[in-house]
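# Reading the structure
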Amino acid sequence: MTEGEKLIPINIEEQMKSAYIDYSMSVIVSRALPDVRDGLKPVHRRVLFGMHELGVKSNTAYKKSARIVGEVLGKYHPHGDSSVYDTMVRMAQDWSMRYMLVDGQGNFGSVDGDSPAAMRYTEARMRKIAEDMLADIEKETVDHKLNFDDTLEEPTVLPTRIPNLLVNGTSGIAVGMATNMPPHNLSEVVDGTIAYIDNPDIEIDTLMDYVKAPDFPTGGIIYGYDGVREAFKTGRGRVVIRGKAHFEEVNGRECIIVTEIPYQVNKAEMIKKTADLINEKKLEGISDVRDETGKGGMRIVYELKRDAVPNVVLNNLFKHTALQSSFSVNNIALVNGRPLQLNLKELIFHFVEHRHEVVVRRTQYELRKAEERAHILEGLIIASDNIDEVIQIIRSSNDGEQARTRLMERFNLSEIQSRAIVEMRLRQLTGLEQDKLRAEYQEVLAFIEDCKDILANKDRRMQIIKDELLEIKNKYGDERRSVIEYAGGDISIEDIIPNEQVVITISHAGYIKRTSVNEYKTQARGGVGQKASTTRDKDFLEHLFVGTNHQYMLFFTEKGKCFWLRVYEIPEGSRTAKGRAIQNLINIEQDDNVKAFICTQDLKDQEYINSHYVMMATKRGIVKKTLLEQYSRPRQNGINAITIREDDELLEARLTTGNSQVMLAVKSGKAIRFEEEKVRAIGRSGSGVRGITLESDNDEVIGMVAIENPKEETVLVVSENGYGKRTFIDDPETGDAIYRITNRGGKGVKTISITEKTGNLVAIKSVMEGEDLMIINKSGVAIRMSVDELRTMGRATQGVRLINIKGNDSIAAVAKVMREEENDEDQNDVDINESFDENGIEIDN
């Protein structure tokens, strides 16, 4: 240790705490957070002030960015050239700032995240709006402080006429706190500020009639208003932003065109991540993504596959990509050097207070200058009134100092007045100039009175603030860019897709599609039918169901697994379209086939799922009942619905209330009827109990119906050669059972007389008057007929011909729809109402 030095022991914990607090406060106050008055951080303020001092105004030539950066760096901001240049670049980007403060010339980057050119290549100057942020700065309107080396002074805040914090927003991360403030529309903010000035007690809800929501430079859609309302009222909130998209047909292909993206989203990065999701099969229905952005504006094209549903694809893009993002509002700004969280009204209040102080200080400055000028003018007028004597005094004086002294003594003038007289030019001795002098004096006196009136009258000061704000609005105000979708947060995909009734068909090879039910016509009994679907060789339509777009669908496979889909997720196709392989929609095993299908209502409704059951039947006559709640949690890979025994497969699944009656029919022509309550509910892993006893190994169950109203419903049975009939379950007159109720497990009774002409039984349905039938055969021909045309017959008859069968063709499936009304008697076109009751129970299918 050298002489004169001494060691001072310190507590390292205290020293670290003290040093870190100093550092934290420096970051909070002098770097990361904006001042509530001008909305600027120190680096932004220094860039604008540096450009102002350098004289690069909006009406001057551009200057090299490096020259501006050097000015700011050397005089005010010694923290590296990149921080200054990056700040200036951002203030010149139209996708970063709602109202740009810097006018850049050259490459200032792009919305794709491209870097700007080096500062030696680019040029810049201030924009006119930035000049209005610096207006009156020379009139002592704001405090100045010494710069980093105490050689110059810089402003602590700008005397801005623009409510910049609200208009342009800001973001920054300090120590232990951060700020993230969205931009707003200047016209709206000005209107809101004027409304506040007119009524300082205005409620935030009323202010929101003026300042409606953030307004982002990149436009987009503000989706839902709850986050906006919360942010305005508390200073914190989450604003959801969606890109602006529409549908277009390009080269015969349906496309989604995006013309605006959310604020602060990197376009190139968003497109790249979307392409990755498509390659990973996480986004279905898109065949190509292209960026066609050019001089005409932004244009991102998502080309869709032919069987894709545009609305579903678009909602998946919103769900999985940055096409929908959120802006977390956190309005933290410095108020008197302290960070505070502020709501909308407080932000406006602090701006108005700042403007009021600026107006007061400006008026005081102008009053002082005017009084100084009036003082000089008084001396000049005295001199002009006594001009001969003044000239005599000046001519007889040895020097200027003696002349000033003698003038002061002779005319009782101040030193300033006498100096002005000595320095007066000869031309001011003319009569015209003397008249001007007196006119100027009167003007200055009037101006002094006006300034004193302003300083004495707060209403006048507030009117000046309002007038200046309206001037700003007229100069820079524009239309809102971000569209507000007020109910957006409450809207789901179901609100976009109409809840129409559709026909769902599944072919033997597993191709599925949905078609509007209106594409089918009602024909007379015995007609040849319409071409319903184009199928592959040796493929035929095996299942035909009716449902609505918004319903949940449960698929049950012959191996006993259950899968979920929404009806609208099934690709739409025309009546003659082939459809799409079901393996592409659900993760079904290749050797498995869908055998049953149930439409349900909301699977999150606890009361609903705990009061309904799934009743299943297998080909070997086994039945099983399980609570719907067991199937209410969808899994992508499906779940086990029933344990299938060897040499058996699942055939049917029905939604019931627990109070139904069950009928099973076998292909040999017999049917059994028993109460559903005879089958107790078991878990998903169970295999069930015997429902009907088969008389031979060749026999098998062909269908199951759940009966709710036995006195009104009739049973329709159809044989493979096109014969069918309708029989009452209970006699409508006597109430006697035509199909008697037995215990489950019996052999059943005859339901149709099977002959070589009729062929084996293939379908059993519960039908009522006023319904229509859909009958489809293996060659793909469909016929639609009215149930009313089929008279009821006895249980043991063979029935009548329903459809003409050609060659070796046979019936593949039968379903029914309900008729709403006949629109045209000649064509017999019909619409269809709900084929499900109010509980979501399928009336039949």
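Per chain, the residues get numbers from 1 upward, laid out in the order the sequence is written. The predicted nature of this model means local features are confined to residues of pLDDT at least 70 and side-chain atom pairs, given and counted, to a pLDDT of 80 or more, with totals for whole chains, interfaces and linings taken over all residues. Hydrogens are left out, water is left out, and the side-chain values use all remaining heavy atoms of the structure.

- In the nomenclature of an unreviewed UniProt entry, the protein corresponds to DNA gyrase subunit A from the organism Capnocytophaga catalasegens.
- According to its UniProt record, the protein has this under Subcellular location (unreviewed entry): "Cytoplasm". UniProt positions are given in the numbering used here, feature names are shortened, and annotations may be inferred rather than shown by experiment.

### A closer look at the overall build of the protein
- Helix and strand definitions here come from DSSP, where helices need a minimum of 4 consecutive H or I residues and strands a minimum of 2 consecutive E residues; each element is numbered from the N-terminal end. Each helix and strand counted, the protein has 19 helices and 42 strands in total.
- C-alpha atoms of the protein, sized along the principal axes, occupy 150 × 85 × 50 Å.
- Buried positions account for 52% of the 845 residues belonging to the protein.
- Sequence-distant contacts, at least 24 apart, represent 71% of the contacts inside the protein between residues at least 6 apart.
- Summed over its atoms, the accessible surface of the protein is roughly 38,900 Å², and 45% of this surface lies on carbon and sulfur atoms.
- Note that His is not counted, nor are the chain ends; the positive residues are Lys and Arg, and the negative ones are Asp and Glu. Note on charges: their place is set at NZ of Lys, CZ of Arg, CG of Asp or CD of Glu. Between the averaged position of the 113 positive side-chain charges in the protein and that of its 136 negative side-chain charges there is a distance of 4 Å. Throughout this description, buried means an accessible area under 20% of the type-specific maximum (1.4 Å probe, protein chains only), exposed means over 50%, and partly exposed covers the range between. What makes two residues a contact is simply this: any of their non-hydrogen atoms within 4.5 Å. The Shrake-Rupley method, run with a 1.4 Å probe sphere, supplies the accessible areas, and residue values consider only the shown protein chains as cover.

### Structural notes on the nonpolar core
- Judged by nonpolar contacts, the single largest core of 81 residues is most densely connected at Leu48, Met51, Leu101, Leu186, Phe232 and Leu344.
- Looking at which element gives the most residues to this core, the answer is helix H7 (residues 186-198), with 7 residues. Working definition of a nonpolar core: buried Ala, Val, Leu, Ile, Met, Phe, Trp, Tyr and Cys residues. They are joined through side-chain atoms within 4.5 Å.

### Side note on the side chain of aspartate 730
- Relative to the assigned elements, aspartate 730 resides in the loop between strand S35 (723-728) and strand S36 (749-750).
- For aspartate 730, a relative accessible area of 7% puts it in the buried group.
- In protein, a polar contact means a hydrogen-donor-capable atom and an acceptor-capable atom, both N or O and within 3.5 Å, with residues adjacent in sequence counting only if both atoms are side-chain atoms; elsewhere, any N or O pair within 3.5 Å suffices. In terms of polar contacts, aspartate 730 uses its side chain to reach the side chain of arginine 673, at 2.8 Å.

### As for the confidence of the model for the protein
- pLDDT is a per-residue confidence score from the predictor, ranging from 0 to 100. Overall, the prediction assigns the protein a mean pLDDT of 87, with 92% of residues at 70 or greater.
- Segment residues 820-845: pLDDT under 50, and 79 contacts once partners within four positions in sequence are set aside and those in other chains are kept.

### Describing unusual backbone geometry
- Even without being glycine, asparagine 336 reaches a positive phi, approximately 55°.
- Position of asparagine 336 relative to the elements: it lies in the loop between strand S15 (332-335) and strand S16 (338-341).
- The class of asparagine 336 is exposed, set by a relative accessible area of 78%.
- In the Ramachandran plot, aspartate 647 falls in the positive-phi region, its phi being about 60° despite a non-glycine side chain.
- Relative to the assigned elements, aspartate 647 resides in the loop between strand S28 (639-640) and strand S29 (650-656).

### Thoughts on the sheet that holds strand S12 (residues 286-291)
- Whether two strands pair comes down to DSSP finding at least two bridges between them. Read across the sheet, 4 strands follow the order S10-S11-S13-S12 without closing on themselves; strand pairing throughout is antiparallel. On the outer flanks of this sheet lie strand S10 (244-250) and S12, each paired with one strand and no other. Neighbour-to-neighbour, the strand axes of this sheet turn through a mean angle of 25°, independent of strand direction.
- Taken together, the 5 bridges between S12 and strand S13 (residues 300-304) define a ladder with antiparallel strand orientation. Across the sheet, aspartate 291 pairs through a bridge with isoleucine 300, a residue of S13.
- Axis lines are fitted through C-alpha atoms, for helices just across the contact stretch, and the angle between N-to-C directions can take any value from 0 to 180 degrees. Relative to S12, helix H10 (residues 267-279) is tilted by about 165°, and along the sheet it contacts S12 and S13.

### Describing helix H2 (residues 42-54)
- Counted at 1.5 Å a residue, the expected span for H2 with its 13 residues is 18 Å, and the 18 Å between its end C-alpha atoms agrees.
- Extensive coverage of H2 is indicated by the burial of 12 of its 13 residues.
- What H2 keeps buried is the set Pro42, Val43, His44, Arg45, Arg46, Val47, Leu48, Phe49, Gly50, Met51, His52 and Leu54.
- Directly beyond the C-terminal end of H2, a positive phi value near 85° is found at glycine 55. Multiplying 1.5 Å by the residue count of a helix minus one yields the expected span of that helix.

### Notes on the side chain of asparagine 168
- Structurally, asparagine 168 can be placed in helix H6 (residues 164-168).
- Classification of asparagine 168 by relative accessible area gives buried; the value is 2%.
- A polar contact is formed between the side chain of asparagine 168 and the backbone nitrogen of arginine 98, at a distance of 3.2 Å.

### Observations regarding the sheet that holds strand S31 (residues 670-675)
- The strand order across the open sheet built from 4 strands is S33-S30-S31-S36, with neighbouring strands paired in antiparallel fashion. Of all strands in the sheet, those bounded by a partner on one side alone are strand S33 (701-707) and S36.
- The sheet contact formed by strand S30 (residues 661-666) and S33 spans 6 bridges and is antiparallel. When the bridges of S33 are listed, valine 666 appears paired with valine 701.

### Re the packing of helix H14 (residues 400-411) against helix H15 (residues 415-422)
- At a closest axis distance of 9 Å, the pairing of H14 and H15 adopts a crossing angle of 120°. Judged on the interaxial angle alone, H15 and H14 are oblique. H14 and H15 meet at a crossing whose hand is right-handed. Contacts from Ala403, Arg404, Leu407 and Met408 in H14 reach Glu415, Ser418, Arg419, Ile421 and Val422 in H15.
- Class assignment of the residues belonging to the contact of H14 with H15 gives a composition of 5 nonpolar, 1 polar and 3 charged. Working definition: roughly parallel below 35 degrees, roughly antiparallel above 145 degrees, roughly perpendicular at 65 to 115 degrees, and oblique for all remaining angles. Two helices crossing with the near one rotated counterclockwise from the far one by less than a right angle form a left-handed crossing, whereas a clockwise rotation gives a right-handed crossing. In this classification, Asp, Glu, Lys and Arg are treated as charged, Ala, Val, Leu, Ile, Met, Phe, Trp, Tyr, Cys and Pro as nonpolar, and every other residue, Gly included, as polar.

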